[in-house]
Amino acid sequence: MSLIRRSFALLLMICLGCAAQSAPPDLTRKIERQVRSYYKIPAEVHVLIGPLSPSADWPNYDSLTVTVDNEGKKQDLSFLISKDRNSMMRMVKFDLNKDPFAEVMSKINVSGRPTRGAKSSKVVVVNFDDFECPFCSRMHQVLFPEILKEYGDRVTFVYKDYPLVEIHPWATHAAVDANCLAAQNGDAYWDFADYIHANQHEVSNEKTPGARLEALDKLTMLQGQKHNLDVVKLQSCIKAQDESAVKTSEKEADAIGVEATPTMFINGEKIDGAVPISELRASLDRALKDAGLPVPDHTALAAAPISK
């Protein structure tokens, strides 16, 4: 019996060896050079060539996974290589039984976040924001009031945190302060967001990093007083500077491909940067139609004279 088992194990190892084999060094070098050249991958980023295995869908090709490793951030690229090793191509297989936009939205947690517009619409806009980002400021002032006026009765707007601390040193502090307001009153959060995005210079013009943080805290307390919040509770939250919620939002954003701000998702459709308002309208209209909701009448907008 033991002889049969050893024979079976040996046969299994042979079969596995046939199923997946390491690419020879000369082929590995050719593959890496092609991948680096095509995708413009810098020298400091690691490119790892995986084993070759027979393709289930393409009989004259082997399949191969190339992993691009940029300081721990890994991306896998799938390729097909001809049996004669003279050509390589990348094929993408789509599962038409899945909705990619719905899958993205399922990974975004908006529970407890302040909202603007419709309270519970089938169309949800999630914007990953940075309070110190000038492009975020530009996007914010397009969304509010312009887009909100047109779509506020049929679309729900939500902000999530994604401060780019490497270039925006007070952005995380602003996000924490804003969340302290949100914990008590959603309108206080939005008023703070409106003010900061319209007046970033007030904070940035302070002479020292400490003075900038103090300016943020003062603006936060003013919003708290304006909205009759629990001042003691608000002061305690500001002093604690608990960044855990912001960090969680950042990890969530990284997982769905956010790399910069602003990055917006309209029912899961990704929009990068401060795009023209016409592009926002087109995406919002498409989402409304897909959800079976009426689209705003843009006739009056088209007929309106261009302001100088």
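Everything here concerns the structure above.
What comes next concerns the included structure. Every residue gets a number counted from 1 within its own chain, in the order that chain's sequence is written. Local features are withheld for residues below a pLDDT of 70 in this predicted model, meaning they are given only at 70 or higher, and side-chain atom pairs are given and counted only at 80 or more; totals for whole chains, interfaces and linings count all residues. Here the side-chain values reflect all heavy atoms present in the structure, with hydrogen atoms and water set aside.

### Quick notes on the layout of surface pockets
Once rolled over the atoms, a probe with the size of a water molecule shows which space is left empty. Its volume calculated, the largest pocket comes out at about 510 Å³. Buried and open spaces are told apart on a 1 Å grid over the protein atoms alone, a cavity being a set of points where a 1.4 Å probe fits but cannot get out and a pocket being an open set with protein on both sides within 12 Å along at least five of seven lines. Residues with an atom within 4 Å of a point are the lining residues. Lining the largest pocket are 14 residues, with Asn 70, Lys 73, Lys 74, Gln 75 and Glu 259 sitting closest to its centre. Counting residues per element, the ones that place at least two in the lining of the largest pocket are strand 3 (61-70) and strand 4 (73-82). Ten residue types, Ala, Val, Leu, Ile, Met, Phe, Trp, Tyr, Cys and Pro, are classed as nonpolar, four, Asp, Glu, Lys and Arg, as charged, and the remainder, Gly among them, as polar. Along the lines of polarity and charge, the residues of the lining of the largest pocket split into seven nonpolar, three polar and four charged. Grid points are joined across faces, edges and corners, and a volume is the space filled by probe spheres set on the points. Only DSSP runs of H or I with at least four residues qualify as helices, and only runs of E with at least two residues qualify as strands; both kinds are numbered from the N terminus onward.

### Describing the environment of Lys 93
If you trace the backbone, Lys 93 turns up in the loop between strand 5 (88-89) and helix 3 (100-106). Exposure is judged per residue with a 1.4 Å probe applied to protein chains only, and the accessible area is read against the type maximum: over 50% gives exposed, under 20% gives buried, and values in between give partly exposed. By relative accessible area, which is 72% here, Lys 93 ends up exposed. In the structure, Lys 93 is positioned 159 residues away from Glu 252 in sequence and 25 Å away in space, judged by C-alpha atoms.

### Section: the pairing of strand 3
Where a strand is regular, its side chains alternate between the two sheet faces. Strands qualify as paired when DSSP identifies two bridges or more between them. Bridge count for strand 1 (residues 46-49) against strand 3 is four bridges, and the pairing is antiparallel. When the bridges of strand 3 are listed, Leu 48 appears paired with Thr 67. Bridge count between strand 2 (residues 53-54) and strand 3: two bridges; the pairing is antiparallel. Within strand 3, the position partnered with Pro 54 by the bridge is Asp 62. In this antiparallel pair of consecutive strands, strand 3 and strand 4, the connection spans two residues, and Glu 71 shows a positive phi of 55°.

### Some details on the sheet that holds strand 10 (residues 269-272)
If you trace the five strands from one edge of the open sheet to the other, you get 6-8-7-9-10, paired in mixed fashion. What marks the edges here is a single partner per strand, and that holds for strand 6 (115-117) and strand 10. Across the sheet, the mean angle separating the axes of adjacent strands is 25° when strand polarity is ignored. Here three bridges tie strand 6 to strand 8 (residues 156-161), and the two strands are oriented antiparallel to one another. Think of each axis as a best-fit line through the C-alpha atoms, taken over the contacting stretch in the case of a helix, with angles from 0 to 180 degrees between the N-to-C directions.

### A short note on the environment of Ala 174
Considering the arrangement of structural elements, one finds Ala 174 in helix 5 (residues 171-182). The spacing of Ala 174 and Thr 261 is 87 residues in sequence and 15 Å in space, taken between C-alpha atoms. Note on contacts: a residue pair is in contact if any heavy atoms of the two residues lie within 4.5 Å. Every residue in contact with Ala 174, bar those within four places of it in the chain, is listed here: Phe 131, Phe 192 and Leu 216.

### Structural notes on unusual backbone geometry
Along the chain, Phe 144 connects to Pro 145 via a cis peptide bond; the corresponding omega equals 25°. Structurally, Pro 145 is set in helix 4 (residues 134-151). Geometrically, the link from Thr 261 to Pro 262 is a cis peptide bond, its omega value of -5° lying close to zero. Within the secondary structure, Pro 262 sits in the loop between helix 10 (244-255) and strand 9 (263-266).

### Here's the deal with helix 5
What a helix should span is 1.5 Å times the count of its residues minus one. The end-to-end C-alpha distance of helix 5 is 16 Å, a good match for the 16 Å that 12 residues give at a rise of 1.5 Å each. Those residues of helix 5 lying buried are Ala 171, Thr 172, His 173, Ala 174, Ala 175, Val 176, Asp 177, Ala 178, Asn 179, Cys 180, Leu 181 and Ala 182. Where the residues of helix 5 are buried, they touch strand 8, helix 6 (186-198), helix 8 (209-226), helix 9 (231-240) and helix 10.

### Considering the packing of aromatic side chains
Ring geometry is summarised as follows: Phe, Tyr and Trp rings, the Trp one being its six-membered ring, pair when their centres sit within 6.5 Å, and such pairs are stacked at plane angles under 30 degrees, edge-to-face over 60 and tilted between the two. The full count for this structure, using the stated rule, is nine aromatic pairs. For the ring pair Phe 144 and Trp 190, a centre distance of 5.4 Å and an interplane angle of 65° mean the geometry is edge-to-face. Residue Phe 144 is located in helix 4, and its partner Trp 190 is located in helix 6; the two are separated by 46 residues in the primary sequence. Judged by relative accessible area, Phe 144 falls into the buried class, the value being 8%. By relative accessible area, which is 1% here, Trp 190 ends up buried. Their ring planes at 65° and their centres at 5.1 Å tell us that Tyr 159 and Trp 190 sit as a pair that is edge-to-face. Pair noted here: Tyr 159 is in strand 8 and Trp 190 is in helix 6, with a separation of 31 residues, a long-range link. Overall, Tyr 159 belongs to the buried group, its relative accessible area being 1%. By the ring-pair criterion, three or more aromatic residues cluster together here, those being Phe 144, Phe 157, Tyr 159, Tyr 189 and Trp 190.

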